[in-house]
Structures are given as C-alpha cells and as structure tokens.
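Now for the letters of each chain:
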Amino acid sequence: MNMGINGISAMADQISSSAYSSKASALQDRLGGDLSSATDEELMDVCKEFEAYFVEQVLKEVEKTIPKDEEEDASMSQLTDYFKEEMIQTLADEVCEQQELGLAQQMYEQMKRNYSL
C-alpha cells in the first residue's frame, strides 16, 4: 500500500480530532454522571482531570498567538499540528502534576460543600 504525505497528514488530522473529541466527551460523561456515591479520591480525580483539560485549552489558545512559518508546506503543517497537540496535552498534564494551581482543590471543596458529597 503506497500512501503519500497528503494521505498520512489527512489520517493524522483525523486521528487528532477524533482523540480530542473522545477525551472531551469522556470528561463530560464523568462530570455529568452521578457523583453522589463517589469516594473522595474519585471526586478529586475528576476535578484533576478537569483542571488538566482546562490548562490544555488555555495552552492551545496561547499557541494560536504564535505566528506561523509561511514557508512550511500544508502537509508538513498538519503533521506538526498533530504532534503539537500531543505535546500540549502532555505539558498540561505535567503542569497540573508538578504545579499546584489550586483549581482542582477549589472545585473539590466547592462540590463537597454545595452538594454535600
């Protein structure tokens, strides 16, 4: 099977958008579910997942402010974007693990207080 760079970049773009939407829907399912019977650890895990997702979205918006290289061809740009998505996701996870932003903790405390969980 002979696949050109355009086929590879289209496939990478499709995988990237599919992974993004599945991650968002998985998080939405966990947040939208009934958390009344969740343990404290499970509740904190959901809050941490949301915090990482939030940081990821902020980093993506920051990345949009960086000027693009006009000499880069379209197929290479799509491949770069795919790996950039992976890097941003990893960076967001690392930021949340190593830095205590406090968003997850605040959400956890508010949910415990407001919903008597």
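Since this is a predicted model, take the numbers as computed values, not measurements.

## Comments concerning a nonpolar patch on the surface
Point 1. The grouping of F54, V58 and V62 at the surface amounts to a nonpolar patch, some 250 Å² of accessible area in total.
Point 2. Inspection of the secondary structure assignment puts F54 in helix α2 (residues 40-63).
Point 3. In this structure F54 comes out as partly exposed when scored by relative accessible area, which is 42%.

## Observations regarding the packing of α2 against helix α4 (residues 103-115)
Point 1. Taken N-terminus to C-terminus, the directions of α2 and α4 make an angle of 135°; their axes are 8 Å apart at the nearest point. The orientation of α2 relative to α4 falls into the category oblique. Between α2 and α4 the crossing geometry is right-handed. Between α2 and α4, the contacting residues are D40, L43, M44, C47, K48, F50, E51 and F54 on the first element and L103, A104, Q105, M107, Y108, M111 and K112 on the second.
Point 2. For the contact of α2 with α4, the per-class residue count stands at 10 nonpolar, 1 polar and 4 charged.

## Points about α2
Point 1. Between its first and last C-alpha, α2 extends 35 Å over 24 residues, near the 34 Å set by a 1.5 Å rise per residue.
Point 2. Here α2 has its buried residues at L43, M44, V46, C47, E51, A52, Y53, V55, E56, K60 and E63.

## Let's talk about the packing of aromatic side chains
Point 1. Under the counting rule described, the total for this entry stands at 1 aromatic pair.
Point 2. Their ring planes at 25° and their centres at 6.5 Å tell us that F50 and F54 sit as a pair that is stacked. Placement of both F50 and F54 in helix α2 is noted, with a separation of 4 residues, approximately one turn of the helix.

## A few points about the layout of surface pockets
Point 1. Size it by volume and the largest pocket reaches roughly 260 Å³.
Point 2. In this structure, the largest pocket is lined by 13 residues; those nearest its centre are K48, E51, C96, Q99 and A104.
Point 3. Put simply, the parts of the chain that give the lining of the largest pocket at least two residues each are α2, α3 (74-98) and α4.
Point 4. The element best represented in the lining of the largest pocket is α2, accounting for 4 residues.
Point 5. Looking at side-chain class alone, the lining of the largest pocket contains 5 nonpolar, 3 polar and 5 charged residues.
Point 6. In this structure, the second largest pocket occupies an estimated 160 Å³ of space.

Cut-offs used in this document
- Residues numbered from 1 in each chain as written.
- Predicted model: local features only at pLDDT ≥ 70, side-chain atom pairs only at ≥ 80, totals over all residues.
- Heavy atoms only, no water.
- Patch = residues over 30% accessible without salt bridge, like charges linked within 9 Å, V, L, I, M, F, W, Y side chains within 5 Å.
- Areas by Shrake-Rupley, 256 points an atom, 1.4 Å probe, with all protein chains shown as cover.
- Salt bridge = Lys/Arg side-chain N within 4 Å of Asp/Glu carboxyl O.
- Helix = DSSP H or I, 4+ residues; strand = E, 2+ residues; numbered from the N terminus.
- Buried < 20%, exposed > 50% of the residue type's maximum accessible area, 1.4 Å probe, protein only.
- Axes fitted to C-alpha atoms, helices over the stretch in contact; angles between N-to-C directions.
- Parallel < 35°, antiparallel > 145°, perpendicular 65-115°, else oblique.
- Left-handed = near helix turned anticlockwise from the far one by under 90°.
- Contact = heavy atoms within 4.5 Å.
- Nonpolar A, V, L, I, M, F, W, Y, C, P; charged D, E, K, R; others polar.
- Expected span 1.5 Å × (residues − 1).
- Phe/Tyr/Trp six-rings, centres within 6.5 Å; stacked < 30°, edge-to-face > 60°.
- 1 Å grid on protein atoms, 1.4 Å probe; cavity = no way out; pocket = protein on both sides within 12 Å on 5 of 7 lines; lining within 4 Å.
- Points joined across faces, edges and corners; volume = space filled by probe spheres on them.

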